[in-house]
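Overview (structure and organization)
So you can see what is in the structure, the chains are spelled out below.
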Amino acid sequence: MVEEHIYKEHAIELNYFEIKNDLQPLVLIHAQGVDATSFNNVWKYLSKKYHIFSIDCYGHGKSLHDAKQYNVIDISNAIISFIKNVVKDKVYLLGHSSGGLIAAYIASNTELCDCLILEDPPFFSSQGEKRKNSFNYIDLSTVCHNYINQDENNDFVLYYFSNQYAWNFFPEKSREKIKNKMIAMAIKYRQKHPERNLKVMFWPKIALSGFQGMNNYDPLFGETFYNDSFHCGILHDSILENIQCKTLFMKAQTNISEDGILMAALSEDDLERVSRLIVNCQIIRFNCGHGIHIEKQKDFIKCLMNLKQ
């Protein structure tokens, strides 16, 4: 049975979901824009071998919304406190996308992690000037930046749907017609179900998974990836080279657009750099997009089950 709780300690406030048992603790950290329920399609299966803890990061879900703490240090410290005071044991720690950056920081700076699982995190590509050539920057980060600098729209979910980079993938001749029809359907759904995750007829189910929990997402979190403040000036090299625990790196497809945009979390060169820096790192590739646990659910589950054999 899935239970939902709030962990409060001093200024920390973390919402989390738990499936209790006496098995190996597994802490799940989601990507930006979604929330802890992004993993709800794998909770039940993983709970056969793991004690599940799935956390809402700051600025997401029901956890603390305080823009001053939207950075890798404050979020990691909150989760470190959670592991010490709630889990009270060494953990298997899994982070997806930006959650992987947080998970890596925790593994690098503590001895709380027996095994680190990185689901397609954007090492190097999300940092410094290089970030401006990444999909996240031209999509979510820029949309967040533009949203907080306007006052005409107050529904971020609808604003993001209307302004996402994905419209560029449609044929130019029919793009505006399709876009207008889809946005009209999104508006209608938001008016009828403002509290629900967005659903739009004909929009790919996998793409809609990126809106799971977006109702409670703070665009100021995305702004930290736009202005590069999320990392607090800490280079990814220094994080990765201090990771001593067993590490599994789940790599999604690498694609480069015609205009040179990295349509993936990290390039092949950056992946090689990661493998050199982490002492004990196994890489497993998946023939899918960024959300491996959603697009390749069975393979994702199998990987984590094999870790416990």
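To be clear, the structure that these remarks concern was listed above.
Nothing here was measured: the structure is a model prediction, and the numbers come from that model.

Before going further, it helps to examine the overall build of the protein chain. Looking only at helices and strands, the protein chain features twelve helices and eight strands. For 309 residues, the compact-globule formula gives about 19 Å, and the C-alpha radius of gyration of the protein chain, at 19 Å, lands near that figure. If you line up the protein chain on its principal axes, its C-alpha atoms span 55 × 40 × 35 Å. For the protein chain, the proportion of its 309 residues judged to be buried stands at 56%. Here the analysis covers contacts within the protein chain between residues at least 6 apart in sequence; of these, 69% occur between residues at least 24 apart. Just so you have it, the protein chain exposes about 14300 Å², and 49% of that area is on carbon and sulfur atoms. Across the protein chain, the mean location of the 33 positive side-chain charges is 8 Å away from that of the 36 negative side-chain charges.

The next subject is the sheet that holds strand β8 (residues 281–285). Spatial strand order, β1-β2-β4-β3-β5-β6-β7-β8: eight strands in an open sheet with mixed pairing. A strand with exactly one partner marks an edge of an open sheet, and here the two such strands are β1 (2–9) and β8. Here the strands of the sheet are splayed against their neighbours by 20° on average, with no regard to which way each runs. Note: β1 against strand β2 (residues 12–19), eight bridges, orientation antiparallel. The residue of β2 that forms the bridge with Lys8 is Glu13. Against the sheet, helix α3 (residues 98–109) touches β3 (24–29), β5 (91–96) and β6 (113–119), its axis set at about 145° to β5.

With that settled, the discussion passes to helix α8 (residues 219–226). The buried fraction of α8 amounts to six of the eight residues, a majority that puts the element mostly inside the structure. Every buried residue belonging to α8 is among Pro219, Phe221, Gly222, Glu223, Thr224 and Phe225, and all of these are buried. Residues of α8 that are buried make contact with α2 (72–87), α3, α4 (135–148) and α5 (156–163). Just downstream of α8 lies Asp228, where phi reads positive at about 70°.

What follows covers the pairing of β5. Counted residue by residue, β5 has six buried out of six residues, so it is predominantly covered. Here β5 shows a buried face lined by Val91, Leu93 and Gly95 and a second buried face lined by Tyr92, Leu94 and His96. Where β3 lies against β5, four bridges are found, and the strand directions are parallel. Across the sheet, Leu28 pairs through a bridge with Leu94, a residue of β5. Of the strand pairs in this sheet, β5 and β6 are connected by six bridges, and their pairing is parallel. Bridged to Leu94 within β6 is Ile117. Chirality of the crossover, the property in question, places the unit of β5, α3 and β6 among those that are right-handed.

A few words on empty space enclosed by the protein. In this structure the tally under the stated criterion is two cavities of 30 Å³ or more. Taken as a whole, the largest cavity holds about 40 Å³ of empty space. As for the largest cavity, its lining consists of Val72, Leu101, Phe230, His231, Ile234, His236 and Ile239. For the lining of the largest cavity, the residue count by class is five nonpolar, two polar and no charged. By volume, the second largest cavity is sized at about 30 Å³. In terms of lining residues, the second largest cavity is bounded by Ser126, Arg131, Ser134, Asn136, Tyr137 and Phe225. Residues of the lining of the second largest cavity, tallied by class, amount to two nonpolar, three polar and one charged.

This part is about the packing of aromatic side chains. For the structure on display, the rule yields 25 aromatic pairs. Pairing Tyr147 with Phe156 gives two aromatic rings, centres 5.1 Å apart and planes at 75°, and the pair type is edge-to-face. Tyr147 sits in the buried class, given a relative accessible area of 13%. Consider the rings of Phe156 and Tyr160, whose centres lie 6.3 Å apart with planes at 25°: the pair is stacked. Placement of the pair is Phe156 and Tyr160 together in helix α5, with a separation of four residues, close to one helical turn. For the pair Phe156 and Tyr160, a shared accessibility class is recorded, and that class is buried. A cation sits over an aromatic face here: Arg273 above Phe124, 3.7 Å from the ring centre.

Cut-offs and rules
- Residues numbered from 1 in each chain as written.
- Predicted model: local features only at pLDDT ≥ 70, side-chain atom pairs only at ≥ 80, totals over all residues.
- Heavy atoms only, no water.
- Helix = DSSP H or I, 4+ residues; strand = E, 2+ residues; numbered from the N terminus.
- Rg over C-alpha atoms; globule rule 2.2 N^0.38 Å.
- Buried < 20%, exposed > 50% of the residue type's maximum accessible area, 1.4 Å probe, protein only.
- Contact = heavy atoms within 4.5 Å.
- Areas by Shrake-Rupley, 256 points an atom, 1.4 Å probe, with all protein chains shown as cover.
- Lys, Arg positive; Asp, Glu negative; His and termini not counted.
- Charge placed at Lys NZ, Arg CZ, Asp CG, Glu CD.
- Pairing = 2+ DSSP bridges.
- Axes fitted to C-alpha atoms, helices over the stretch in contact; angles between N-to-C directions.
- Right-handed = clockwise from strand over helix to strand, strands pointing away.
- 1 Å grid on protein atoms, 1.4 Å probe; cavity = no way out; pocket = protein on both sides within 12 Å on 5 of 7 lines; lining within 4 Å.
- Points joined across faces, edges and corners; volume = space filled by probe spheres on them.
- Nonpolar A, V, L, I, M, F, W, Y, C, P; charged D, E, K, R; others polar.
- Phe/Tyr/Trp six-rings, centres within 6.5 Å; stacked < 30°, edge-to-face > 60°.
- Lys NZ or Arg CZ within 6 Å of the ring centre and 35° of its normal.

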